[in-house]
Amino acid sequence: MSLIPVTPTLGSLFVQSWQIYRAHLFPLLGLTLVLLVPALLLSLSGVDQGESVVFFLLMRLLEAGATLGLLSLLFTGVFPTGKILRRLGSRAVLRPLHVGILQYLLTILGFYGLMAPTPLNVVLVTLWLSSFVFLTIAQPVCVIEELRGLPALVRSFQLTRNRLKRAFGVVVVAMILQLLLFIVLLQLFLPEINFSALLQTDPMAADGEDLVKLLGSAETQAALRWTQYLTALIFYPYASILTVLLYFDLARDDAVCSQDRLQALAVHHFEIPAEYFEDPEKEAEGTTDKVTIREVGTEDKQ
């Protein structure tokens, strides 16, 4: 049994993430939409500072939810959005929420670092930027290895440090894909903005002043908000699946990723009946989606 191909490449992680995302699109979108609603409501009410914190934390919970979803997919072939939301609505949410708060504090550290004197600002900004790579799998670590807070961050650092090239490649390519999607969606809301010309515009020139006014208008701010949330709705489920597969790639040889360990976790979180383990090819009743993680891995090996 393997969650990913035996000898995965950088590209195979993105391909397999796409296959899982496409096969379970609506459950993933449903989970993401429910988690986005509180932050969107805060944004619409004008609570901008609180909205950014809530948005960040909820997207970390999405990564935890995607990890739970892949555990279920492994043994049942079903992505149980309702059960995942119930788990995230219970005391079980405290562990990933704790990790998410620590991740957010590092983000705040980076912003303050931009205003700090040299060389302190260099140190703080470096820590902030490196956290995007070294802590990218903190939520899967939290769920699978049941670590809370700082130990989860340390474990994520250890795994990504050992295979830094792989982790760095996944994070950078994912960020580029997210940026491209954001630009495409923003262009739909603001077709009057020429992004190629934007990069060549001098803010002090007359054209630059007009552009600053345009970007500061209420209509533009609304377009930016909706673009942000549409990007999150479309891309973050995919990125979360990618993050989980990256974790399994980096931790593949550890005992925490053994079949017995994952089976015990699946039973703990979802109370999966014993017949799923007696007959691993059994499909869940009432589902028409037959693509499981195991099957995707097999396809990739071929």
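Draft legend 1. The arrangement of the overall build of the protein in detail. Assigned secondary structure in the protein consists of 15 helices and zero strands. Every one of the 302 residues in the protein was classed for burial, and the buried ones make up 45%. Element-wise, carbon and sulfur atoms account for 65% of the exposed surface of the protein, whose accessible area totals about 15400 Å².

Draft legend 2. Expanded view of helix α9 (residues 164-189). Along its 26 residues, α9 runs 37 Å from first to last C-alpha, staying within 8% of the 38 Å computed at 1.5 Å per residue. Looking at α9, one finds that the buried residues are Arg166, Ala167, Gly169, Val170, Val171, Ala174, Leu185 and Leu186.

Draft legend 3. Summary view of the packing of aromatic side chains. Scanning the entire structure with this criterion turns up nine aromatic pairs. Judged by centre distance (4.8 Å) and plane angle (50 degrees), the ring pair of Phe134 and Phe157 falls under tilted. Of this pair, Phe134 sits in helix α6 (residues 120-134) while Phe157 sits in helix α8 (residues 150-162), and the two are 23 residues apart along the sequence. Take Phe134: its relative accessible area is 18%, and that puts it in the buried class. Three or more aromatic residues joined by ring pairs form one cluster here, namely Trp18, Tyr21, Phe235 and Tyr238. Between Arg60 and the ring centre of Phe56, over which it is positioned, the NZ or CZ distance is 4.6 Å.

Draft legend 4. Highlighting the nonpolar core. Among the nonpolar cores identified, the biggest contains 61 residues, and Phe55, Met59 and Tyr247 are the most heavily contacted of them. It is helix α12 (residues 218-250) that provides the largest number of residues to this core, a total of 14 residues. What Tyr247 contacts, discounting residues up to four positions off in sequence, is Ile137, Pro140, Val141, Ile144, Glu145, Leu159, Val256 and Cys257.

Draft legend 5. Local environment of the pattern of salt bridges. Scanning the model with the defined rule gives seven salt bridges in all. Of the charged contacts in the structure, one is a salt bridge between Glu146 and Arg261, with a shortest N-O distance of 3.5 Å. One end of the pair, Glu146, is in the loop between α7 (138-144) and α8; the other, Arg261, is in helix α13 (residues 259-270), and 115 residues separate them in sequence. Overall, the relative accessible area of 35% leaves Glu146 in the partly exposed class.

Draft legend 6. Spotlight on the packing of helix α3 (residues 48-76) against α12. α12 packs onto α3 with a crossing angle of 40 degrees between their chain directions and a minimal axis gap of 9 Å. On the basis of their axis angle, the class for α3 and α12 is oblique. As α3 packs across α12, the resulting crossing turns out to be right-handed. Residues Glu51, Phe55, Met59, Leu62, Glu63, Ala66, Thr67 and Leu70 of α3 form the contact with α12, whose own contacting residues are Gln228, Tyr229, Ala232, Tyr236, Pro237, Ser240, Ile241, Val244 and Leu245.

Draft legend 7. How the structure looks around the side chain of Thr107. Within the element layout of this structure, Thr107 appears in helix α5 (residues 94-115). Thr107 has contacts with Phe56 and Trp128, leaving out every residue within four places of it along the chain.

Draft legend 8. Highlighting the packing of helix α2 (residues 25-44) against α12. At a closest axis distance of 10 Å, the pairing of α2 and α12 adopts a crossing angle of 145 degrees. Taken as a pair, α2 and α12 cross one another with a handedness that is right-handed. Residues Leu28, Leu29, Thr32, Leu33, Leu36, Ala39, Leu40, Ser43 and Leu44 of α2 lie in contact with α12, whose contacting residues are Arg225, Trp226, Tyr229, Ala232, Leu233, Pro237 and Ile241. Considered class by class, the residues forming the contact of α2 with α12 number 13 nonpolar, two polar and one charged.

Draft legend 9. Up close: the environment of Leu242. Within the secondary structure, Leu242 sits in helix α12. Taking the C-alpha atoms as reference points, Leu242 and Glu63, 179 residues apart in sequence, are found 9.5 Å from one another.

Draft legend 10. Examining helix α1 (residues 10-23) more closely. Its 14 residues give α1 an end-to-end C-alpha distance of 21 Å, which sits within 8% of 20 Å, the value for a rise of 1.5 Å per residue. Taken together, the buried positions of α1 are Ser12, Leu13, Phe14, Gln16, Ser17, Gln19, Ile20 and Tyr21.

Rules and cut-offs
- Residues numbered from 1 in each chain as written.
- Predicted model: local features only at pLDDT ≥ 70, side-chain atom pairs only at ≥ 80, totals over all residues.
- Heavy atoms only, no water.
- Helix = DSSP H or I, 4+ residues; strand = E, 2+ residues; numbered from the N terminus.
- Buried < 20%, exposed > 50% of the residue type's maximum accessible area, 1.4 Å probe, protein only.
- Areas by Shrake-Rupley, 256 points an atom, 1.4 Å probe, with all protein chains shown as cover.
- Expected span 1.5 Å × (residues − 1).
- Phe/Tyr/Trp six-rings, centres within 6.5 Å; stacked < 30°, edge-to-face > 60°.
- Lys NZ or Arg CZ within 6 Å of the ring centre and 35° of its normal.
- Core = buried A, V, L, I, M, F, W, Y, C linked by side-chain atoms within 4.5 Å.
- Contact = heavy atoms within 4.5 Å.
- Salt bridge = Lys/Arg side-chain N within 4 Å of Asp/Glu carboxyl O.
- Axes fitted to C-alpha atoms, helices over the stretch in contact; angles between N-to-C directions.
- Parallel < 35°, antiparallel > 145°, perpendicular 65-115°, else oblique.
- Left-handed = near helix turned anticlockwise from the far one by under 90°.
- Nonpolar A, V, L, I, M, F, W, Y, C, P; charged D, E, K, R; others polar.

What is shown is where atoms sit, not what they do.
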